[in-house]
Amino acid sequence: MQVVLKSHTFDFYRNNCPPMNGCYRMQTFEQLQRMRLVPRTAQAGKGVLFQPGYIAAADAELCGDLLLRLRDGAIQAVPHGQNLLLALRQGGNQLAQLSGGIPQFAANPGGAPANLAVAASKLGAKTAFIGKVGADAFGRYLTDVLNENGVDASHVAVDADHPTTMAVVSVDATGERDFSFYRSANADVMLCKEDISEEALKAARIVHFGSVSLTADPSRTATLDAAARAKKLGATITYDPNYRANLWKDKGNAIAQMKAPLPLVDILKVSDEELPLLTGTTDCESGTAQLAQTGIKLIFVTLGPDGVFYRFGEKTGHVAGVPCKVGDTNGAGDTFFGAALSKLCKENLNTLTVEKLESILAFANKAASITTSRHGAIPAMPTLAEVEG
């Protein structure tokens, strides 16, 4: 079945996810071709044959106030809101369900270190990503997204035997998230020491990692080895122990493994929910004092809408958050840390002043607020002009 697209840019959804609650990202015609969802020979404004199982929505101003659906092999036009939908479901000619209480999900690229790399890149830093994806459409898509957002993806390894990891993120009415992971022996867990070159580590001023890569071997050993190597090479080591309970066998094991890298770390970010896991206290002053005893120079405790508490050596302080209407908190912490590191990579921690640090944290809070006001993680991240505007 073919449909004529009247716009060069349109919304794209997977698995019958309609444009509800802003849960989508814009895709150009060329991006869809790279994702192999439309033929490379196709042209916008011409007949386009879509792969089964996908939906495309074009701009209502260009295409009219109609819903298109397939029924008995024919396209039917039905009045519908402000969008034009072409619903193609795998193996059938059924209209995508727009209501009825069935949860709808959109495919959004992400993963905490990748989110951080994109956030920093969009805010002016030169970034690269090291990881492993499957030899599948999701893996190709993630690599394309990194490249499109200015992140060097030349160090991303491809695993022909294990699929790209997937996480399902459910967002409630307040924008809070619930994670479900499909990650048993998936590609990212298969990252090994040999996948991380000495050249890549030598080129980095900052080397960042998160605790999700510490849940199992070989990625755990590879990550800790890379951090130790980078430290010896003179890099600043940054760490975000983002806790996802359903990725660990038990809470005790999670805490032990999340604490293991702390002696290597120069800059640490934890949330107010993760602080008590690592320290046994919710008090930012005493909790960060405990963490600083491992040798960490700079510690951030993110406080959601209340901003961030920091410990910089013996000095502590608080920088207020930037209010916003919450759309989705996914990626907010990664945006904050990426924004902070985009500025800190140009500073020397030994000469950094408190005034400069608080200016950087105000910048990071604003970036995180913008991401929180939108939907998705990477698609929601702001540009430098947006944050400085």
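Relevant structure appears above.
Keep in mind it's a predicted model, so treat the numbers as computed, not measured.

Asker: Report on unusual backbone geometry, specifying residues and quantitative values.
Answerer: The amide bond that connects D217 to the next residue, P218, takes the cis arrangement and shows omega of 10°. Relative to the assigned elements, P218 resides in the loop between β13 (206–210) and α6 (219–232).

Asker: Talk me through the pairing of strand β18 (residues 315–319); I want residue IDs and the actual numbers.
Answerer: As judged from the five bridges shared by strand β17 (residues 308–312) and β18, these two strands associate in the antiparallel manner. Counted as the bridge partner of F309 is H318 from β18. What sits between the antiparallel neighbours β17 and β18 is a turn of two residues, in which G313 has the positive phi angle 65°.

Asker: Tell me about helix α10 (residues 332–344), and name the residues and values.
Answerer: Residues lying three or four places apart along an α-helix face the same way, a consequence of the helix completing one turn every 3.6 residues. Between the first and last C-alpha of α10 there are 18 Å, a value that for 13 residues agrees with the 18 Å anticipated at 1.5 Å per step. Restricting attention to buried positions, one finds in α10 the residues A332, D334, T335, F336, F337, G338, A339, A340, L341, S342 and L344.

Asker: Can you break down the pairing of strand β10 (residues 151–159) residue by residue, with the values?
Answerer: Bridging between strand β9 (residues 127–134) and β10 involves seven bridges; their strand directions are parallel. Residue pairing for β10: A128 is matched across the bridge by D152. In terms of handedness, the path from β9 via helix α4 (residues 137–148) over to β10 forms a crossover that is right-handed.

Asker: Give a description of the sheet that holds β17 that names residues and reports values.
Answerer: By way of backbone hydrogen bonds, the strands of a sheet pair with one another, either parallel or antiparallel. With mixed pairing, the six strands of this open sheet are ordered in space as β13-β14-β15-β16-β17-β18. Each edge of the sheet is formed by a strand with only one pairing partner; in this case those strands are β13 and β18. Here the strands of the sheet are splayed against their neighbours by 15° on average, with no regard to which way each runs. Against the sheet, helix α9 (residues 284–292) makes contact with β15 (267–271), β16 (298–302), β17 and β18, and its axis sits at roughly 40° relative to β17, the strand it touches most.

Asker: Can you break down the environment of M381 residue by residue, with the values?
Answerer: Here M381 is to be found in the loop between α11 (354–372) and α12 (384–388). For M381, a relative accessible area of 1% gives the class buried. Between the alpha carbons of M381 and D334 there is a distance of 9.6 Å; along the sequence they are 47 residues apart. Other than its neighbours up to four places away in sequence, M381 contacts N115, V118, A119, K122, G331, T335, T371, R374 and E386.

Asker: For the packing of aromatic side chains, give the residues involved together with the corresponding values.
Answerer: On inspection of all chains with the given rule, the structure shows three aromatic pairs. Judged by centre distance (5.7 Å) and plane angle (90°), the ring pair of F300 and F336 falls under edge-to-face. Of this pair, F300 sits in strand β16 while F336 sits in helix α10, and the two are 36 residues apart along the sequence. For F300, a relative accessible area of 0% puts it in the buried group.

What counts and how
- Residues numbered from 1 in each chain as written.
- Predicted model: local features only at pLDDT ≥ 70, side-chain atom pairs only at ≥ 80, totals over all residues.
- Heavy atoms only, no water.
- Helix = DSSP H or I, 4+ residues; strand = E, 2+ residues; numbered from the N terminus.
- Pairing = 2+ DSSP bridges.
- Expected span 1.5 Å × (residues − 1).
- Buried < 20%, exposed > 50% of the residue type's maximum accessible area, 1.4 Å probe, protein only.
- Right-handed = clockwise from strand over helix to strand, strands pointing away.
- Axes fitted to C-alpha atoms, helices over the stretch in contact; angles between N-to-C directions.
- Contact = heavy atoms within 4.5 Å.
- Phe/Tyr/Trp six-rings, centres within 6.5 Å; stacked < 30°, edge-to-face > 60°.

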